[in-house]
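Survey of secondary and tertiary structure
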Amino acid sequence: CVNNAPAMDGRPRLVGAGRFGRCYAASKDGRPIALKVLSKAKLGERDLDRARREAVLHRPLRHPNICQLLATIDTAQTICIMLELCDASLHDHLKVNAPIELCVAKQIAADVTEGLSYIHAFNVIHRDVKPHNILVAQTADRLVAKLTDFGYATRGPLATGMAGTPAYMAPE
C-alpha cells in the first residue's frame, strides 16, 4: 500500500509501528498526511471488521476537533487509512512538554469536549478517549486537540458491552 499509494508526493517516512501495522508521514497533492497501514496477515477477522467499521463511522465526520479521515484503501494484503497529519498524540506531547500551562490544558479539554459533542450529535460513541487517541496540531496561534482512532466507536444512543482501554474507562 505504501509503495503503490496513488499520487503520493515522495517516499513516506515511518513515524510509528504497532502490533497490527505501521504509520507513515507522507504528502499527497502537497498536503501532509498520515498513512496508517494495517497488515491483514496480523489482523484476525474481528479486527478486520473493526477496521472497516472504523472507516465507515469516521469517514463522514468533519470538525476542527476530529482528525479527518481522507481515504481508505483495502488491498489483498493491507488496509490503508489516510488521515490528516498532526504533530503528536497528546500522550507523546505531554511526555515532552509537561507540565503545560493551565490555559493550554483548558483549551485541550474544550477541544475534546467540542469533538465529542459533535460526534454525539451523529449518535457516534467513541468509547476509547485517552491521551493516545487525542492528537495535537500546532497552529499559528494555539495547540489544537483532535479526536482520532474510532476503532471501538459504535453508533446508537446506548453502547452495549465493554470496549476501550481499561485504565481509561469510567469506573461504573
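Our structure is the block above this text.
Below you will find a few notes about this structure. Keep in mind that what you see is a predicted model, and the values were worked out from it rather than measured.

A closer look at the overall build of the protein
When its secondary structure is counted, the protein shows three helices and 10 strands. What you see in the protein, going N to C, is helices and strands ordered as β-β-β-α-β-β-β-α-α-β-β-β-β. In the protein, 58% of the contacts between residues at least 6 apart in sequence involve partners at least 24 apart. Accessible area for the protein stands at about 9,800 Å²; split by element, carbon and sulfur atoms hold 55% of it.

Regarding the layout of surface pockets
Considered as a void within the structure, the largest pocket measures approximately 1,200 Å³ in volume. C23, K36, H132, N133 and D149 are the residues nearest the centre of the largest pocket, which is lined by 37 residues in total. Looking at the lining of the largest pocket residue by residue, the class counts come to 17 nonpolar, eight polar and 12 charged.

A word on the nonpolar core
I66, I119 and F150 are the most contacted members of the largest nonpolar core, which has 16 residues in total. Residue assignment for this core shows that the elements contributing at least two residues are α3 (102-121), β8 (134-138) and β9 (143-147). Looking at which element gives the most residues to this core, the answer is α3, with four residues. A34, A51, I79 and A137 belong to the second-largest nonpolar core, a separate cluster that totals 14 residues.

Re the sheet that holds strand β6 (residues 88-89)
Taken in spatial order, the three strands line up as β6-β8-β9 in an open sheet, and their pairing is antiparallel. Every interior strand has two partners, whereas the edge strands, β6 and β9, have only one. Against the sheet, α3 touches β8 and β9, its axis set at about 35° to β9.

So, the environment of C67
With respect to the helices, strands and loops of the structure, C67 is situated in the loop between α1 (45-58) and β4 (69-74). Through-space distance from the C-alpha of C67 to that of K146 is 5.3 Å; in sequence the pair is 79 residues apart. In contact with C67, not counting residues within four places along its chain, are H58, L83, E84, C86, L135, K146, L147 and T148.

Quick look at the packing of aromatic side chains
In total, this model carries one aromatic pair according to the counting rule given. Positioned above the aromatic ring of Y152 is the side chain of R50, whose terminal nitrogen or guanidinium carbon lies 4.4 Å from the ring centre.

Here we look at the sheet that holds strand β2 (residues 21-28)
In spatial order, the strands read β1-β2-β3-β5-β4; together these five strands make up an open sheet with antiparallel pairing. Because the sheet does not close on itself, it has two edges, and the strands there are β1 (13-17) and β4. In this sheet, adjacent strand axes meet at a mean angle of 25° when their direction is disregarded. Relative to strand β5 (residues 78-84), β4 runs antiparallel, the two being bridged by five bridges. Within the sheet, the bridge partner assigned to T72 lies in β5 and is I81.

Conventions adopted
- Residues numbered from 1 in each chain as written.
- Predicted model: local features only at pLDDT ≥ 70, side-chain atom pairs only at ≥ 80, totals over all residues.
- Heavy atoms only, no water.
- Helix = DSSP H or I, 4+ residues; strand = E, 2+ residues; numbered from the N terminus.
- Contact = heavy atoms within 4.5 Å.
- Areas by Shrake-Rupley, 256 points an atom, 1.4 Å probe, with all protein chains shown as cover.
- 1 Å grid on protein atoms, 1.4 Å probe; cavity = no way out; pocket = protein on both sides within 12 Å on 5 of 7 lines; lining within 4 Å.
- Points joined across faces, edges and corners; volume = space filled by probe spheres on them.
- Nonpolar A, V, L, I, M, F, W, Y, C, P; charged D, E, K, R; others polar.
- Core = buried A, V, L, I, M, F, W, Y, C linked by side-chain atoms within 4.5 Å.
- Buried < 20%, exposed > 50% of the residue type's maximum accessible area, 1.4 Å probe, protein only.
- Pairing = 2+ DSSP bridges.
- Axes fitted to C-alpha atoms, helices over the stretch in contact; angles between N-to-C directions.
- Phe/Tyr/Trp six-rings, centres within 6.5 Å; stacked < 30°, edge-to-face > 60°.
- Lys NZ or Arg CZ within 6 Å of the ring centre and 35° of its normal.

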